[in-house]
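Residues per chain, in single letters:
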Amino acid sequence: MSQLLIEPSPHIRCTLTTQKVMLNVLIALLPAVIAGTWLFGLRALVLVVLCATFCVLSEWLFNKITKRKQTISDLSAVVTGVLLGLNLPPSLPIYMAAIGCFAAIVVVKQFFGGIGQNFANPAITARIVLMLSFGRYMTTWSAPIVGSLTSPDAVSSATPLAAPDVMPSYLDMFLGIRAGCIGETCIAALLLGGLYLIVRGLIDPVTPVAFIGTVALCALVGGHDVPMQLMSGGLVLGAFFMATDYSTTPLTRRGKLIFGVGCGLITSAIRFFGVYPEGVSFSILIMNIITPLIDRYVRPQPFGAKVKKTPRKNREAVQ
Amino acid sequence: MKLNSIKIPHLKKSASLRTVDIKLPEKVIIAMSQHGGVPCKPLVSVGDEVKTGQLIGDTDAVMSAPIHSSVTGKVTGVTTVLNVFGNVHEALVIETVPNQVLSDEIAPPVINSRQDFIAAVRKSGSVGLGGAGFPTHIKFSYDPGSVKIDTLIINGAECEPYITSDHRAMLEESEKIIDGAKQIKKYLDIDRAVIAIESNKPDAIEKLSGLAAGETGISVVSLPPAYPQGAEKVIIHSVTGRVVKKGELPSSVGCIVLNCSTAAFISDYLRTGIPLIKRRITVDGNVVNKPKNLIVPIGTRACDIITAADVRTAPDRAIVGGPMMGITFYDEEMPTTKTTNSLLLFAETKKPHHTACIRCGRCVRACSMGLMPTELERAFELKDVERLKKLDVDLCMNCGACSYVCPAKRNLSEKNQLAKMYIREQASLKR
C-alpha cells in the first residue's frame, strides 16, 4: 500500500484563486479599455498596456532585488497597471506613467508587504502622486476622437466638472464622449464591467451603491445636476473598481456601507466646496486610511457570544 | 437573522444504492475509547471467548458509554490504537469465528420509567452516530424539574459532501427513525419532534413526511442545503430560530439534537436489546470504483473496508468523516469506531499552496458563527491571546467553511484550532 498523507481539514477547496479573482477584474475592465481606445485612440491603449507592463516589471524587479518569492503571477500588478492607465489622461507622457507605476507598486504596495498588506489603493495613490507632481499634464485633456483611433495632435479640452458651461448631452456622457481620463468617461462600459463583478460575486454592490447614492443625494440637496454629477469625473470608475479593492476597504458589509457613504460625502465636499474640481481619488484614499478603524469597530456579531463589558481602563489593553 | 453558510458540491454518489453488509472480517480491533470522553476498562482478557453483543468494556465515569463485542470470536490480544484525534487508547483484538452467535445477555430492556429509559440508553452503548459521538444517555439525563425540553430535533441534514449513511438510514430505516423519535418523546415527555433534512434528499423527506403524518407531534422540515446546516447550533437555529449561547448546551434553549441514525438505533435497541455493535459507513472518494454504504461491525479495520471498497488505485489520502471536517489517518490497521460515518479514499488530489491573504472577506461571509477568520489568523500569528479571546475563537467548530472559500487557500480553520490549543496551553502555564 502507498503512504497515506496527513493534513488538516477541510480536504476540498473551492476553485477560486487570487489569480482568478484578478483575471475577472481584468475581464471586467476590458469594456472600459476598449471604450477608452475607441474614444481616445490607439495612444490611450498603448498607455494602458504600458502601465500594466511597468507595474508587473516593478513588482518583478522589487521581488528580485529584495530576494522575495515572485508574486507577479497573481496578476494583481496587471490590475493595478490597467487601473492606473485608465485613470490617466490619454496624452500623458510615457515616462510620467512609468513613475506612477513605480509609485503604485513599489512605494504603495511592496513597501508595505505586497498584496493584501497595503493600506492605500496603489492606483489611486499613484494617480494622486502624478496629480501633485505633474499637475499640468494630469489636467491636460484631449477631446475624444471617437472611432478614428489616431489623431495628429491632442486638442486641449476641459472636463465637464472643470468647465460646467461646456456640458455635453446626457447620452454623450453615458457613452463617454467627453474629455477625461482614458477609462473614466464611458459610463456604459464601466457599468457593464461593474455588473460583471457583482454577478460573479467578486464585489459587494453595497460599496458602489452607497458611494454613488451618497453623491446623488448630496448633488440633489445642493441643487446640482444629478445625472451629470454621477456620470462625470471618475465616480463610476472609482466606485466600482477602486472603492471595492479588497485590501484597502473594510471586510464586513456594514463596514463597506460606511466606506461607500464616506467616499460619497468626501467626494461631494471636494466637488462642491473644494479647490479641486474632482474628489473621487482623494475620497477613496482618505477612506482607505480610515479602513482599519472601521474594521476595528464594525464586526459581525458572533453567534450567541455573550456581550462583554470591559472596564474602561482595561479597554485599551484588550483592543 | 440568517446565519452565514456556503455552497459546496454534494457529490453524494452512493445515495441511491442499497446498503450492503461487509463480509465478516477476520478480526476486529475494538478501542476502549469510541468517542470523546472517558475511556472504558476492558472486562475480558486475552484468551476469552466473546459473543456478539457481549459487554467487553465499561466504566463508572459519567461521560462515557459501555462497549460491546461486535463479533463472536476469541480475544487474541490487548493492544493500543492511535485514534484519529491523535490519542492512544487500549484496544481489544478479537479474531472472529465463522459461527456468529448473539450473546445470552441480550434481551429487550424493560422500561417503566424515565430513569429506566435513560439507563437502557446507557446500557445500549449509544453515542451520537453523526460523527461527534456525544453519549446519548447524557443528552437525556437532564433534570426535568429545572430544564424544560420542548423540541427534539432529529438531525438528517447530512451536509457534508459524499456521505450518505444518514440518507440511506432515512430511506431504509424510516419506520425506526419515527419510532425512535416517538419513544424518546414519550419517555422524556417532549412536546414535539422535528426531523430536519436538507432539501437535496427529497426521497427521504417524502418518505418520512408520509410516516410522520400519522403521528402526533412529529413533523419533517426541509432545510436549504447550506453548509454547515447539520452543525448542532446551526440546525437548532434553522429549526427553531433559537440561539444557543456561547458555552451552553442545546438544552439551554429547550432542544435536544439527535442524529437520525441514532434515533433508528434506539428504536432497534428497545425492540431487540442488541447494543450498538455495527453501523452504516459510506465508502467513497476518487479511487473508489463503486461508492456505497456498508454495514460494518464496530472495530473493522480500515484495510478491510478499503478491500471491500474496490479501489482502482492505492489511495494517498484516507479520511474518516467527510471532506470538510473529516480527519486523515495513516495507519490502515486503524479500526472504525461508533462515530465513523464515512471512509473517503483519494489519490492525486494535491492541495494548492497558500498565498497572501487579499482581505477579500469571503471567510467572514462564510462563517456561520459570525467570526472573522482572517483577523483570527492574524491574531494567532501574533500569539495575541487577549485578541483571540475577544474575537471569540472558542466559537469556531472547525467546519472548514472559511478555508474552503479562501481564494488564497489559507488554512484558516486549522489556525483556529491551533489558536484554541494555544489559549489552553497559556492558561495552564499561568496556573
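Fair warning: this is a prediction, and the values are worked out from it, not measured in the lab. (Residues numbered from 1 in each chain as written. Chains lettered and ligands numbered in written order. Predicted model: local features only at pLDDT ≥ 70, side-chain atom pairs only at ≥ 80, totals over all residues. Heavy atoms only, no water.)

Draft legend 1. Spotlight on the overall build of chain B. Of the regular secondary structure elements, chain B holds 13 helices and 17 strands. Computed over its C-alpha atoms, the radius of gyration of chain B comes to 21 Å, within 12% of the 22 Å expected for a compact globule of 431 residues. Put simply, chain B shows about 17200 Å² of open surface, and 53% of that area lies on carbon and sulfur atoms. (Helix = DSSP H or I, 4+ residues; strand = E, 2+ residues; numbered from the N terminus. Rg over C-alpha atoms; globule rule 2.2 N^0.38 Å. Areas by Shrake-Rupley, 256 points an atom, 1.4 Å probe, with all protein chains shown as cover.)

Draft legend 2. Here's a closer look at helix α2 (residues 42-65) of chain A. All names here are of chain A. Over its 24 residues, α2 extends 34 Å from the first C-alpha to the last, a length consistent with the 34 Å expected when each residue adds 1.5 Å. Every buried residue belonging to α2 is among Ala44, Leu47, Val48, Cys51, Ala52, Cys55, Ser58, Glu59, Phe62 and Asn63, and all of these are buried. Buried positions along α2 lie against α1 (18-40), α3 (76-86) and α4 (94-109). Phi turns positive, to about 55°, at Lys67, one or two residues after α2. (Expected span 1.5 Å × (residues − 1). Buried < 20%, exposed > 50% of the residue type's maximum accessible area, 1.4 Å probe, protein only. Contact = heavy atoms within 4.5 Å.)

Draft legend 3. The packing of α3 of chain A against helix α5 (residues 122-133) of chain A, seen in detail. All names here are of chain A. Following both chains from N to C, one finds α3 and α5 inclined at 40°, their axes separated by 8 Å at the closest point. Between α3 and α5, the interaxial angle falls into the category oblique. The interaxial crossing formed by α3 with α5 has right-handed handedness. Residues Thr80, Leu83 and Leu84 of α3 pack against Pro122, Ala123, Ala126 and Arg127 of α5. Partitioning the contact of α3 with α5 into residue classes produces five nonpolar, one polar and one charged. (Axes fitted to C-alpha atoms, helices over the stretch in contact; angles between N-to-C directions. Parallel < 35°, antiparallel > 145°, perpendicular 65-115°, else oblique. Left-handed = near helix turned anticlockwise from the far one by under 90°. Nonpolar A, V, L, I, M, F, W, Y, C, P; charged D, E, K, R; others polar.)

Draft legend 4. Highlighting the sheet that holds strand β12 (residues 255-259) of chain B. Residues and elements named next belong to chain B. A sheet is described by the order of its strands in space; here four strands give the open sequence β11-β10-β9-β12, paired in parallel fashion. The open sheet has two edge strands, β11 (218-223) and β12, and neither has a second partner. If you compare each strand with its neighbour and ignore which way they point, the axes differ by 25° on average. Pairing geometry for strand β9 (residues 151-156) and strand β10 (residues 192-198), over six bridges, is parallel. For Asn155, the partnering residue across the bridge sits in β10 and is Ala196. In the packing of helix α6 (residues 232-240) onto the sheet, contacts are made with β9, β10, β11 and β12, and the angle to β9 comes to roughly 115°. (Pairing = 2+ DSSP bridges.)

Draft legend 5. Focus on the domain arrangement of chain B. Residue and element names in this part refer to chain B. Segmentation of chain B into domains returns domain 1 (9-23 + 103-350) and domain 2 (362-430). With nine residues of domain 1 in contact, the opposing surface of domain 2 contributes eleven residues. At the junction of domain 1 and domain 2, the tally comes to one salt bridge. Of the charged contacts in the structure, one is a salt bridge between Lys246 and Asp392, with a shortest N-O distance of 2.7 Å. On the surface where domain 1 and domain 2 come into contact, there are two residue pairs in polar contact (both at pLDDT 80 or more). The residue makeup of the side of domain 1 that touches domain 2, split by class, is seven nonpolar, no polar and two charged. (Domains from an automatic or database assignment. Salt bridge = Lys/Arg side-chain N within 4 Å of Asp/Glu carboxyl O. Polar contact = N/O pair within 3.5 Å; in protein donor to acceptor, adjacent residues only side chain to side chain.)

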